Amino acid sequence: MSDLEKDPAEVLGFADCEGPALEMLEGREVVLGRSTTVRRLLPNKNRRMVGAWCFVDHYGPDDLTRRVDSYDVPGERGMQVPPHPHTSLQTVSWLFEGEIEHRDSVGSHALVRPGELNIMTAGNGIAHSEVSTPDAPPKLHGAQLWVALPDAVRTTTPPAFNAYADLPRLDLDGAQVTVMIGTVAGVTSPAPAYTPLVGADVTVAPGRSLTLPLTPSNEYAVLVVDGSLAVGDLTPGFGEMVYVGAGRNAIDLVAAEGGVRFLLLGGEPFEEELVMWWNFIGRNHEEIVAARDAWQAAIDAAGNDRFGMVPGYDGDPLPAPPLPATTLRPRPRAR
Ligand code: MN
């Protein structure tokens, strides 16, 4: 895991040195299903990854009582994502409000709740469903994140699901920090990580500043989910993300008058080039074709060696879309 400075005396400020990159990464609205809209921050046009974080969707807060459409299935309430496969990645489900029911092909059945980490490691293949149950709370606000697995373990790590209801928390200059994964200021999450990685949920009181310790070999992103803050001369607001390049021991953040809540996502720059298509990650076109074929065969056979079905899910699995006519090419982490 990352080794963070316990006493970050040296602050490499951006105001007084040219220093590492600080960029606003604009999200784009993506419509899932008929009319649920998410803000997709990664992959971004110029930066596809931040550390091993390779997919960041921020959604809500949605009032489920006011909609009859859905995340993926028309006519149903809230998030309704039927069983679908993943390869070579971990999914991280994180809620700020609401509740989602998770089921997967290794037999897990869990309720994803605010402040609790649900992390699913695909290895060579897993399938899961995510739904808003009829008795879920009316507000839904969360983030769906993926972490790319490194080549050395991505096909050999067994599929797994881990839930952590009681993550480590710390008080940092008066800011409340929940460590989802990795280490912040010497406090380490039990969640499994396969590259130097960090994820934290941070709340800073109105007008307060925070010197957040960083690991110089890591790059970071700050995704604002409530309020706004100042990072150097950038002031990201709700649903906006700032990229913080590697090379810093710490960074100064100042909450706006209304305070701020943000996700800190970071890690060592991930140098392997990835092919990301639909819910699969691979290293080349052929791998993606093989994963797609295996998933379609699993649907027909009600499960196979690579992808199991999802016990307890009432409905059909999600078929893969047709492959594009072009050959999928591996892409580097940044343009
Ligand atoms: Mn998924």
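Residues numbered from 1 in each chain as written. Predicted model: local features only at pLDDT ≥ 70, side-chain atom pairs only at ≥ 80, totals over all residues. Heavy atoms only, no water.

With respect to the nonpolar core
- Ranked by size, the top nonpolar core spans 37 residues in total, and within it W53, V92, L117, L145 and L263 carry the most contacts.
- Considering each element in turn, this core owes the most residues, 5 residues, to strand β11 (residues 139-148).
- In this structure, L145 is in contact with W53, F55, V56, Q90, T91, V92, M180, L263 and L265, ignoring residues within four places of it in sequence.
- One finds A175, V198, V204 and F262 within the second-largest nonpolar core, a separate group that totals 27 residues. (Core = buried A, V, L, I, M, F, W, Y, C linked by side-chain atoms within 4.5 Å. Buried < 20%, exposed > 50% of the residue type's maximum accessible area, 1.4 Å probe, protein only. Helix = DSSP H or I, 4+ residues; strand = E, 2+ residues; numbered from the N terminus. Contact = heavy atoms within 4.5 Å.)

Some thoughts on empty space enclosed by the protein
- Here the structure, examined in full by the defined rule, presents 2 cavities of 30 Å³ or more.
- Forming the walls of the second largest cavity are Y59, M79, S93, W94, I100, V112, E130, A143 and Q144.
- Those elements that provide at least two residues to the lining of the second largest cavity are β6 (89-97) and β11.
- The class makeup of the residues in the lining of the second largest cavity is 6 nonpolar, 2 polar and 1 charged. (1 Å grid on protein atoms, 1.4 Å probe; cavity = no way out; pocket = protein on both sides within 12 Å on 5 of 7 lines; lining within 4 Å. Points joined across faces, edges and corners; volume = space filled by probe spheres on them. Nonpolar A, V, L, I, M, F, W, Y, C, P; charged D, E, K, R; others polar.)

Considering unusual backbone geometry
- Following L42, the chain continues to P43 via a peptide bond in cis, the omega torsion being -5°.
- Topologically, P43 is positioned in the loop between β3 (36-42) and β4 (53-63).
- Here the amide bond leading from G60 into P61 is cis, since omega sits at 0°, within 30 degrees of zero.
- With respect to the helices, strands and loops of the structure, P61 is situated in strand β4.

A word on the layout of surface pockets
- The computed volume of the largest pocket comes to approximately 820 Å³.
- R40, F55, W146, W277 and W278 are, among the 33 residues lining the largest pocket, the residues nearest its centre.
- Counting only elements with at least two residues in the lining of the largest pocket, the list comes to β2 (28-32), β4, β5 (80-86), β10 (126-131), β11 and β22 (275-277).

Comments concerning the side chain of T178
- Considering the arrangement of structural elements, one finds T178 in strand β14 (residues 175-181).
- Residue contacts for T178: discarding those within four places in its chain leaves W94, L167, P168, R169, G199, A200 and D201.

Here's the deal with the coordination of the manganese ion
- Of the protein atoms, only H84 (NE2), H86 (NE2) and H128 (NE2) coordinate the manganese ion, at distances of 2.1 to 2.2 Å.
- Counting residues between consecutive donors of the manganese ion along the chain gives the motif H-x1-H-x41-H. Remark: H128 occurs in strand β10 and H86 occurs in strand β5; sequence separation between them is 42 residues. For the pair H86 and H128, one class covers both residues: buried. (Donors = N, O, S within 2.8 Å, 3.2 Å for Na, K, Ca; no water.)

Things to note about helix α2 (residues 285-301)
- Spanning 17 residues, α2 covers 24 Å between terminal C-alpha atoms, matching the ideal 24 Å at 1.5 Å per step.
- All buried positions along α2 are accounted for by H285, I288, A291, R292, A294, W295 and A298.
- Check the buried side of α2 and you find it contacts β5, β10, β22 and β23 (280-282). (Expected span 1.5 Å × (residues − 1).)

Section: the pattern of salt bridges
- Scanning the model with the defined rule gives 9 salt bridges in all.
- For the salt bridge of R40 with D57, the shortest nitrogen-to-oxygen distance reads 2.7 Å. Within this pair, whereas R40 is found in strand β3, its partner D57 is found in strand β4, the two being separated by 17 residues in sequence.
- Residue D57 is classed as buried on the basis of its relative accessible area, which comes to 3%.
- The closest approach of N and O atoms between R154 and D151, which form a salt bridge, is 2.6 Å. In this pair, R154 and D151 are both assigned in helix α1 (residues 151-154), 3 residues apart and thus about one turn of the helix distant.
- The exposure class assigned to R154 is buried, which follows from its relative accessible area of 6%.
- Via salt bridges that share partners, D151, R154 and E287 belong to a single interconnected network. (Salt bridge = Lys/Arg side-chain N within 4 Å of Asp/Glu carboxyl O.)

A word on the sheet that holds strand β9 (residues 117-121)
- Here we have 7 strands laid out as an open sheet, ordered β2-β3-β4-β11-β6-β9-β12, and antiparallel in their pairing. Both edges of this open sheet fall to β2 and β12 (160-164), since each of them pairs with a single strand only. With direction set aside, neighbouring strand axes in the sheet form an average angle of 20°.
- Across 4 bridges, β3 lies against β4 in antiparallel orientation. Its bridge partner being in β4, L42 is matched across the sheet by V56. (Pairing = 2+ DSSP bridges. Axes fitted to C-alpha atoms, helices over the stretch in contact; angles between N-to-C directions.)

A few points about the environment of E219
- Structurally, E219 can be placed in strand β19 (residues 219-231).
- As for E219 and A294, which are separated by 75 residues in sequence, their C-alpha atoms are 35 Å apart.
- Residues within four places of E219 in sequence aside, it is in contact with M49, V50, G51, Y243, V244, G245, A246, L265, G266, G267, P269 and R333.
- A polar contact is formed between the side chain of E219 and the side chain of Y243, at a distance of 2.4 Å. (Polar contact = N/O pair within 3.5 Å; in protein donor to acceptor, adjacent residues only side chain to side chain.)

So, the pairing of β6
- With 8 of 9 residues buried, β6 lies mostly within the body of the structure.
- Pairing between β6 and β11: 8 bridges, direction antiparallel. What sits directly across from L95, in β11, is G142.
- Bridge count for β6 against β9 is 4 bridges, and the pairing is antiparallel. Across the sheet, residue T91 finds its bridge partner in β9, namely M120.

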